[in-house]
Amino acid sequence: MSQENKNSVQTTGHVWDDDLQELTNPLPRWWIWGFYITFTFAVVYWLFYPAWPIGGSYTKGVPGFNSVTYTATTVDGKQVKKTTHWNMRSQFMVDMNELTALQKKYFDKVASMSYEDVSKDAELMQFVNSAGKTLFSDNCAPCHQAGGQGKIGFSPNLTDDNWMYGGTYDQIHTTIEGGRRGYMPPFSQVLNDEQITQLANYVLSLSSEPHDPVAAKAGDALFHGEGAACYYCHGPDGKGKIQLGSANLTDKIWLWANIPADKTQEDKVNDIKNVIYNGLAKGVMPNWNVRLKPEQIKLLTVYVHDSLGGGK
Amino acid sequence: MKHDLIERNLGILLVLTMFAISAGGLVEVIPLFFIKETVEKVDGVRPYSPLELRGRDIYVREGCYLCHSQMIRPFRDEALRYGHYSLAAESKYDHPFQWGSKRTGPDLARVGGKYSNEWHTQHLTAPRSLVPQSVMPNYPWLVKTPLDYSDIQLRMKALRKTGVPYSLTQAEYDRNVKDFGPDVAKSLHIPDAEKNLIAQAQLGNYDGNPANISEMDALVSYLQMLGTLVDFKKYDDDYFVKFR
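For every chain, the first residue of the written sequence is number 1, and numbering continues from 1 along that sequence. Note on labels: chains are lettered from A, ligands numbered from 1, in written order. Where totals are concerned, whole chains, interfaces and linings use all residues; where local detail is concerned, this predicted model gives features only for residues with pLDDT of at least 70, and gives and counts side-chain atom pairs only at 80 or more. To get the side-chain values, all heavy atoms of the structure are used, and hydrogens and water are removed first.

A word on the domain arrangement of chain A
All names here are of chain A.
Logical step 1: Start and end positions for the domains come from either an automated domain assignment or a database one. Its domain assignment divides chain A into domain 1 (3-48), domain 2 (68-111), domain 3 (112-181 + 285-307) and domain 4 (193-282).
Logical step 2: Residue contacts are defined here by distance: any two heavy atoms, one from each residue, within 4.5 Å place the two residues in contact. Counting from both sides, the interface comprises 12 residues of domain 3 and, opposite them, 10 residues of domain 4.
Logical step 3: Each partner contributes to the roughly 970 Å² buried at the junction of domain 3 and domain 4, and carbon and sulfur atoms together form 59% of this total.
Logical step 4: Summed over the three residues of domain 3 that lose the most area to domain 4, namely Ile 152, Asn 162 and Met 164, the buried surface amounts to 51% of that side.
Logical step 5: Counted as salt bridges are all cases of a side-chain nitrogen of Lys or Arg within 4 Å of a carboxyl oxygen of Asp or Glu. Between domain 3 and domain 4 we count zero salt bridges in total.
Logical step 6: Here a polar contact is taken to be a pair of N or O atoms separated by no more than 3.5 Å, where protein atoms must pair a possible hydrogen donor with a possible acceptor and residues adjacent in sequence count only if both atoms sit in side chains. At the junction of domain 3 and domain 4, the tally comes to two residue pairs in polar contact (both at pLDDT 80 or more).
Logical step 7: Each residue receives one of three labels: charged for Asp, Glu, Lys and Arg, nonpolar for Ala, Val, Leu, Ile, Met, Phe, Trp, Tyr, Cys and Pro, and polar for the others, Gly being one of them. Counted by class, the side of domain 3 that touches domain 4 contains five nonpolar, five polar and two charged residues. The term buried area refers to how much accessible surface (probe radius 1.4 Å) is lost by two components on association, counted for both of them together.

Rendered as structure tokens:
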């Protein structure tokens, strides 16, 4: 081999171990051409895209080759058309403009129509359902669970007819927009164990759960008396107040005390006692007016009311 | 012959090889330090408070960045899911930044305010109790471990060396009052770090247990401020285009 090559191909001139030489074969022609093409590509690229740094700035491509026109919304809601050089962010504006154009028809309707009219418009409800499902999965499902069924000890069920803060469109809208934060004070300092046991039995009696009737009678007095003043928040009938989100204690729906899972009467009493002892401050529903747009909140309101079922 | 010189001299070969392979990177990175528009002009960005800083360090220690990015790219799908694209300005005090590129879980750049403290505490302790299909690991020790903040001043001093405006002297403090307002300036003052850390943890009670300051307090305080510093309602929706 070395014999043939000696004549046709040059070597680098290095010699190791007497006769070990290195050939300098020319680069293949296709490779050379590929190399030149990358140069041409680069020059074309400079025309279209931001490329060379110059001092504190950079070339932005040649106007005309790479102009991007989009519609911007100013702080005070005005629409302005603007043209600039291509970059990720101007291209993003174009993409968002496209999306807005696609959805505008529907969102405009959602924003301008009354809740009742939206819910009667079958075509619009298709949009509400698909957009609502996505919004709900991204933002609400981690707390209210995938189908909105909630989780005892954490977040309320949105699919039933039972609403702590009210189930009309406007009430649901207020909940989503501004968030909610249910608060019940701890009674460990105010009441003794016997009183708390009596109250727990009374609370259980309200929803016909197993309870000790004698203790419940004493609890009734405490509930409506000034010492514990439960009635102040839960109402004299124990049905709760929508302004406070105080639970309706007369139905069989529980959020914090897991009564349905408790097997014995004793467990049930203890669960309620726990709530009265420690109070409640963990029911925090975030406000969405910072993250979601007004029309998205309105859409979610319809979705929660009509599609999850249970609006009232 | 020069070729010969390089091939027979390992030191020169090494230096020249390193130069050749870093050239591509340097050419792209260095100009960004000089281009005025790299970091956007925007109000609200501030360094972490001492408690948030400890939370950030726990985030790094636990390797959360291996599954979570903190970089919302300017794409339509990301904007719809996560919110406004991330700004360079928003991580200008991050050393090291937590942009990341691996998304086993969702991006966290704007997770602040999305959930309640209760949610974060329960989710970090047992993710599957809230999101049944989650593959995120349990971090049950965070609520149980008291936060070690004995070295918080050293941590802030180290960052100060990299240019983060934590203050040591009165002059630096006064400058921070001017730049960030009195409330933030107080939280950036290194000599008061422990006091500020305790105050924020007690006021926020992030882990639901007011009795002690746990690692969970620090981590949740950090998560709850992510991406909340800039008020985008104050800017036209294309304001940040001009910085590119």
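Having seen it, we continue.
A look at the state of the cysteines
Logical step 1: By definition, disulfides here are pairs of cysteine sulfur atoms that lie within 2.5 Å. Under the counting rule described, the total for this entry stands at zero disulfides over all chains.
Logical step 2: Cysteine Cys 230 of chain A remains unbridged, with the sulfur of Cys 233 of chain A as its closest cysteine sulfur at 8.8 Å.

Side note on the pairing of strand 6 (residues 79-85) of chain A
Residue and element names in this part refer to chain A.
Logical step 1: Pairing between strands requires that DSSP locate at least two bridges from one strand to the other. Here a strand is any run of E in DSSP of at least two residues, a helix any run of H or I of at least four, and the numbering for each starts at the N terminus. Taken together, the seven bridges between strand 5 (residues 67-73) and strand 6 define a ladder with antiparallel strand orientation. Within the sheet, the bridge partner assigned to Tyr 70 lies in strand 6 and is Lys 82.
Logical step 2: Counted between consecutive antiparallel strands, the loop separating strand 5 from strand 6 contains five residues, among which Gly 77 sits at a positive phi close to 80°.

As for helix 3 (residues 50-61) of chain B
Residue and element names in this part refer to chain B.
Logical step 1: Given a helix with a known number of residues, its expected span is that number minus one, times 1.5 Å. Here helix 3 contains 12 residues, and its C-alpha end-to-end distance of 16 Å stays within 8% of the 16 Å for a straight helix at 1.5 Å per residue.
Logical step 2: Only protein chains enter the calculation, and the probe is 1.4 Å; a residue is then buried if its accessible area is under 20% of its type maximum, exposed if over 50%, and partly exposed in between. Within helix 3, 10 of the 12 residues are buried, which leaves the element mostly enclosed by the surrounding structure.
Logical step 3: For helix 3, the complete set of buried residues consists of Pro 50, Leu 51, Glu 52, Leu 53, Arg 54, Gly 55, Arg 56, Asp 57, Ile 58 and Tyr 59.
Logical step 4: Contacts from the buried residues of helix 3 go to helix 6 (141-144), helix 7 (152-161), helix 9 (182-187), helix 10 (193-204) and helix 11 (215-225).
Logical step 5: Immediately downstream of helix 3, the backbone of Gly 63 shows phi near 75°, a positive value.

Some words on the nonpolar core
Logical step 1: Val 42, Leu 124, Tyr 166, Leu 219, Leu 223 and Phe 240 of chain B are the most contacted members of the largest nonpolar core, which has 54 residues in total.
Logical step 2: Of all the secondary-structure elements, those providing two or more residues to this core are helix 3 (88-112) of chain A together with helix 3, helix 5 (117-125), helix 7, helix 10 and helix 11 of chain B.
Logical step 3: Membership of the second largest hydrophobic core comes to 28 residues, among which are Met 113, Trp 163, Ile 297 and Val 302 of chain A. Here, the term nonpolar core denotes a set of buried Ala, Val, Leu, Ile, Met, Phe, Trp, Tyr and Cys residues that are joined through side-chain atoms within 4.5 Å.

A short note on the interface of chain A and chain B
Logical step 1: Each partner contributes to the interface: chain A provides 44 residues, whereas chain B provides 45 residues.
Logical step 2: Both faces combined, the contact of chain A with chain B buries some 3700 Å², and carbon together with sulfur accounts for 55% of it.
Logical step 3: Considering only the surface of chain A that becomes buried against chain B, Arg 89, Phe 92 and Arg 291 of chain A emerge as the three largest contributors, covering 20% of it.
Logical step 4: Counting the contacts that link chain A with chain B gives five salt bridges.
Logical step 5: Where Glu 98 of chain A meets Arg 76 of chain B, a salt bridge forms, and the shortest distance between an N and an O atom there is 3.8 Å.
Logical step 6: Put simply, chain A and chain B have 19 residue pairs in polar contact (both at pLDDT 80 or more) between them.
Logical step 7: Going through the elements one at a time, strand 1 (11-16), strand 4 (57-58), strand 5, strand 6, helix 3 and helix 5 (122-144) of chain A are the ones with two or more residues in the side of chain A that touches chain B.
Logical step 8: With nine residues, helix 3 of chain A is the largest single contributor of residues to the side of chain A that touches chain B.

Topic: the packing of helix 5 of chain B against helix 11 of chain B
All names here are of chain B.
Logical step 1: Here, axes are lines fitted to C-alpha atoms. For helices the fit covers the stretch in contact, and angles between N-to-C directions go from 0 to 180 degrees. Where helix 5 meets helix 11, the axes come as close as 10 Å, and the angle between the chain directions of the two elements is 120°. With respect to helix 11, the axis of helix 5 lies oblique. Relative to helix 11, the crossing made by helix 5 is right-handed. Every residue of helix 11 that contacts helix 5 at Asn 117, His 120, Thr 121, Leu 124 and Thr 125 is listed here: Met 216, Leu 219, Val 220, Leu 223 and Gln 224. Oblique is the label for any angle not covered by the other classes, which are roughly parallel (under 35 degrees), roughly antiparallel (over 145) and roughly perpendicular (65 to 115). Left-handed describes a crossing in which the near helix is turned anticlockwise from the far one by less than a right angle; the clockwise case is right-handed.

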